[in-house]
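# Tertiary structure, described
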Amino acid sequence: MTATDIEQQINQLRRQINDYNYRYYVLDAPSILDAEYDRLFMQLQQLEQAHPESITPDSPTQRVGAQPSTAFQSVTHTVPMLSLNNAFSETEVLAFGKRIRDRLHDTDDLAFVCEPKLDGLAVSITYRQGQFYQAATRGDGMNGEDVTANVKTIEAIPLQLRTQDFPTVLEVRGEVFMPKAGFIKLNEQAEQAGEKIFANPRNAAAGSLRQLDPNITAHRPLNFYAYAVGQVQGYCLPDTHHAILQQLQQWGFPVCSENRVAINEMACLAFHAEILAKRASLPYEVDGVVYKVDALALQQQLGFVSRAPRWALAHKFPAQEEITTVNSVEFQVGRTGALTPVARLKPVVVGGVTVSNATLHNMNEIARKDIRVGDQVIVRRAGDVIPEVVAVLKERRPAHTQAIVLPRQCPVCGSDVLHLPAEAVARCVGGLACSAQLKQRIKHFAARRAMDIEGLGDKLVDQLVDRQLLHSIADVYQLPLTALMQLERMGEKSATNLLTALEHSKSTTLARFLFALGIREVGETTAQVLAQHFSDLTTLSQADEEALQQIDDVGPVVATQVVGFFHEPHNQAVIEQLLKYGVHWPQPAPMDQSAQPLAEQRFVLTGTLEGMSREQAKAALIALGAKVSGSVSSQTNFVVAGRDPGSKLIKAQALGVRVLTEHQLNDLLAQLAMDD
Ligand code: IVH
């Protein structure tokens, strides 16, 4: 090959790789397989190694490789990097609109660009003659830190502008952030390696960008959305913000696809509501939305006050994290005797809800986060999950804090507490002699997904156990009407209703019954698998560990628990009583293998389905042989994502699991029904 041939080949490879990145990050439409990309990349690397004189700083291979430095140099921003004024309510947004209209002497329709407020960190990236030149953090707005080598490793950011027509100097501003999926994966890897865990994606992004060694940054899953320009020389930009964003996209920068033009304040508020509703299912963290007056001429007329523009506003979402104090720690006893440490907090409003308790998970977590009574901590409340303590503010630790110690005796029944070194949780050994365990077992037995006993709620169970009317789950079917009527807030009518509901619940399914028994490690799905595999309870209760492990999905841990449960004389007696009191289920028809087209396929359902309940979808899938589980792992084949899907979808994306919409699920079910 001649030198020209080599140069041509190198240029072509670079173009292909840049095109791939553009499609992937900017157009969100990857065009080739990852393996193909890796092949092109290696080919380019080899060619460049053989011909080092051909290496240019904008080659995709040159993103990594810079030497670690000892400190970041300071960079002065030619155009200061401003901050935004914040609003937390509709009233404040309307006042912002009014201030603008008063200044502009205008009451006509006003166009805003609405953008999600990305929760990462702001950077400024300068291009000279279309080439990546320098990147800096915001710093104090006037001076930032030179993070050129680190930002260069972010594949979403072009090293060279895409079109031929560009400014001689272009400063692009935007947010570097870590997508939720990448954050989860990074923390999982860090946990396995015993390394530092990041509290949230923003800290992870900031920590990754402020690495003195760019080779570390290169391995962090960072992404970028452009949202503004700084200095521009030698080019006439369009006269609206939305057109500038379009132009940035053409130059090769990813721009958030949720951005939208809204006419007047009410449309801005609708955007806020829409993004808030979508918040959990967006693949990145947002902490609000930003409204920007679209016309640059109007922006100029409005100008700035102190260090924030009058023409823009950040409309924040209620915070999901707050700082408060750990007043004390109590241990709650669960159904299986597990002791869960719960922090009693100085009440604090988090995302609009007062939080006074947060789970500390287990003693290992307390040790890992080094939490002590008296500490100031960050509490997080996300969606419906139980609030948790994310981290301790060590620098604010007062002089007298107390260590959290696992009690030696169960706080409810006084039995010994056993903490096996191999297990994360400690347990009360009291079994059903522990009223806390008994209460939880009965609540579980009565739950909707178990025996579905309407009216047997938590408060009632507490009363019945405290008054010694219930000593086992079977006792619920022996409750006398007269005793019920003597309970607080229980008249004859509700007592009779409860008895009717109890009677009703006796007609159930084997799967529900198994789940209701509360066998450790046997959740709803395992109960379904067991019920499907064993035609009757007797065979199941006599199965040994080997037989159980023959079933797909049943490992040694589940098998040991199931065998142990059915060998326990007390459990045998309770089951016998339940059957004697009339609990029954239909005998399932023998299984036909040909009707199991989804055998071996593992599904996870998330979000709200429109046309059917999740239970219905689950039943339909299980009937076709599929396994339906509650959490996504690398074993999962499909995730069905309904409306507002939440973290399971993100985990699926992180693991590369196939995602089906409800529509696609329906198609699949219809197709299989036809094949049948
Ligand atoms: S515009 C003059 N747009 O919010 C306006 N900022 O409080 C400059 N941010 O430091 C910022 N998403 O890190 C703008 N779509 C967005 C944004 C955004 C997140 C951050 C940015 C900035 C901070 C201002």
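Higher on the page you've got the structure.
Criteria and thresholds
Residues numbered from 1 in each chain as written. Predicted model: local features only at pLDDT ≥ 70, side-chain atom pairs only at ≥ 80, totals over all residues. Heavy atoms only, no water. Helix = DSSP H or I, 4+ residues; strand = E, 2+ residues; numbered from the N terminus. Areas by Shrake-Rupley, 256 points an atom, 1.4 Å probe, with all protein chains shown as cover. Near = heavy atom within 4 Å. Polar contact = N/O pair within 3.5 Å; in protein donor to acceptor, adjacent residues only side chain to side chain. Nonpolar A, V, L, I, M, F, W, Y, C, P; charged D, E, K, R; others polar. Pairing = 2+ DSSP bridges. Buried < 20%, exposed > 50% of the residue type's maximum accessible area, 1.4 Å probe, protein only. Contact = heavy atoms within 4.5 Å. Disulfide = S-S within 2.5 Å. Axes fitted to C-alpha atoms, helices over the stretch in contact; angles between N-to-C directions. Phe/Tyr/Trp six-rings, centres within 6.5 Å; stacked < 30°, edge-to-face > 60°. Lys NZ or Arg CZ within 6 Å of the ring centre and 35° of its normal. Salt bridge = Lys/Arg side-chain N within 4 Å of Asp/Glu carboxyl O. Core = buried A, V, L, I, M, F, W, Y, C linked by side-chain atoms within 4.5 Å. Left-handed = near helix turned anticlockwise from the far one by under 90°.

### A closer look at the overall build of the chain
Within the chain, the regular secondary structure consists of 24 helices and 24 strands. Overall, the chain is about 90 × 65 × 55 Å in size when its C-alpha atoms are taken along their principal axes. Accessible surface, the chain: about 33,700 Å² in total, of which carbon and sulfur atoms supply 51%.

### Focus on the site of the ligand
Around the ligand sit 13 residues, and of these E115, L118, E175, Y227 and K292 come closest. In this structure, E175 approaches the ligand through a side-chain N or O atom, which is 2.6 Å from an oxygen atom. Taking K292, its side chain carries an N or O atom lying 2.9 Å from a nitrogen atom of the ligand. Of all the elements in the fold, those that place two or more residues in the shell around the ligand are β3 (111-118) and β10 (286-293). Looking at the shell around the ligand element by element, the count peaks at four residues for β3. Residue composition of the shell around the ligand, by class: eight nonpolar, no polar and five charged.

### A word on the sheet that holds strand β9 (residues 260-263)
Strand order across the open sheet formed by five strands is β2-β13-β10-β3-β9, with mixed pairing between neighbours. Every other strand in the sheet has two partners, leaving β2 (86-87) and β9 as the edge strands with one partner each. Pairing of β3 with β10, which is carried by seven bridges, proceeds in the antiparallel orientation. Within β10, the position partnered with C114 by the bridge is Y291.

### Details of helix α23 (residues 647-655)
Burial in α23 covers these residues: L649, I650, A652 and A654. As for α23, its buried residues are in contact with α5 (180-192), β21 (602-606), β23 (638-641) and β24 (658-661). Downstream of α23 by a residue or two, G656 has a phi angle that is positive, lying close to 70°.

### Some remarks on the state of the cysteines
Overall, the coordinates contain zero disulfides when judged by the stated rule. For the unlinked cysteine C428, the closest cysteine sulfur is that of C413, found at 3.6 Å. According to the relative accessible area criterion, C428 is buried, its value standing at 4%.

### Let's talk about the sheet that holds strand β22 (residues 627-629)
Here we have four strands laid out as an open sheet, ordered β22-β21-β23-β24, and parallel in their pairing. Strands with a single pairing partner mark the edges of an open sheet, and in this sheet they are β22 and β24. Taken pair by pair, the neighbouring strands of this sheet meet at an average axis angle of 30°, ignoring direction. Sheet analysis places β21 next to β22, joined by three bridges and oriented parallel.

### Concerning the packing of aromatic side chains
Tallied over the full model, the rule gives 15 aromatic pairs. Seen in terms of ring centroids, F177 and Y284 are 5.6 Å apart; in terms of plane orientation they differ by 65°. Their pairing is edge-to-face. Note that F177 is positioned in strand β7 (residues 169-177) and Y284 in the loop between α9 (264-278) and β10, a separation of 107 residues in sequence. Neither F177 nor Y284 differs from the other in exposure class; each is buried. Relative to Y284, the ring of Y225 has its centre 5.6 Å away and its plane inclined at 85°; by these criteria the two rings are edge-to-face. Note that Y225 is positioned in strand β8 (residues 223-233) and Y284 in the loop between α9 and β10, a separation of 59 residues in sequence. Each member of the pair Y225 and Y284 is classed as buried. Members of the aromatic cluster, connected to one another through ring pairs, are Y20, Y24, Y25, Y37 and F41. One residue, R128, lies across the ring of Y133, its end atom 4.1 Å from the ring centre. The residue whose ring lies beneath R162 is Y22, and the NZ or CZ to ring-centre distance is 3.8 Å.

### Brief notes about the environment of I55
Relative to the elements of secondary structure, I55 occurs in the loop between α2 (34-50) and β1 (74-76). Judged by relative accessible area, which is 34%, I55 ranks as partly exposed. Along the chain, I55 and K394 lie 339 residues apart, while their C-alpha atoms are 47 Å from each other. Dropping the residues within four chain positions of it, I55 is found in contact with R14, E48 and Q62.

### A look at the side chain of T508
Position of T508 relative to the elements: it lies in the loop between α15 (492-505) and α16 (510-516). Ignoring anything within four residues of it in the chain, the contact list for T508 reads M451, F513, V583, H584, W585 and P586.

### Observations regarding the pairing of β10
Looking down a regular strand, the side chains alternate between one sheet face and the other. Most of β10 is tucked away: eight of the eight residues are buried. Note: β10 against strand β13 (residues 312-316), five bridges, orientation antiparallel. When the bridges of β13 are listed, V290 appears paired with A314.

### Remarks on the pattern of salt bridges
Per the counting criterion, the structure on display carries 27 salt bridges. With its nearest N and O atoms 2.7 Å apart, the salt bridge here joins E330 to R344. One end of the pair, E330, is in strand β14 (residues 321-333); the other, R344, is in strand β15 (residues 338-350), with 14 residues separating them in the sequence. Exposure remark for E330: the relative accessible area of 38% places this residue in the partly exposed category. Linking E365 and R368 is a salt bridge whose minimum nitrogen-to-oxygen distance equals 3.2 Å. Of the two residues, E365 and R368 both sit in helix α11 (residues 363-369), three residues apart, roughly one turn of that helix.

### Some words on the nonpolar core
Considering soluble globular proteins, one finds that nonpolar side chains tend to be buried as a cluster. Among the nonpolar cores identified, the biggest contains 56 residues, and I453, Y477, L514, L530, L548 and L578 are the most heavily contacted of them. Mapped by element, the contributors of at least two residues to this core are α12 (435-446), α13 (458-466), α15, α16, α17 (524-533), α18 (537-542), α20 (556-567) and α21 (569-580). Beyond its immediate stretch of four places on either side in the chain, I453 contacts F445, A446, A447, V476, Y477, L498, A501, L502 and S505. Judged by nonpolar contacts, the second largest core, of 35 residues, contains L161, F198, F224 and L245.

### Focus on the packing of helix α3 (residues 90-104) against α9
Packed helices, taken two at a time, are described by the angle their axes make and the gap between the axes. For the pair α3 and α9, interaxial distance at closest approach is 10 Å and the crossing angle is 145°. Here α3 runs over α9; the crossing is right-handed. Taking contact as the criterion, the partners of E90, V93, L94, G97, K98 and R101 in α3 are, on α9, N264, E265, M266 and L269.

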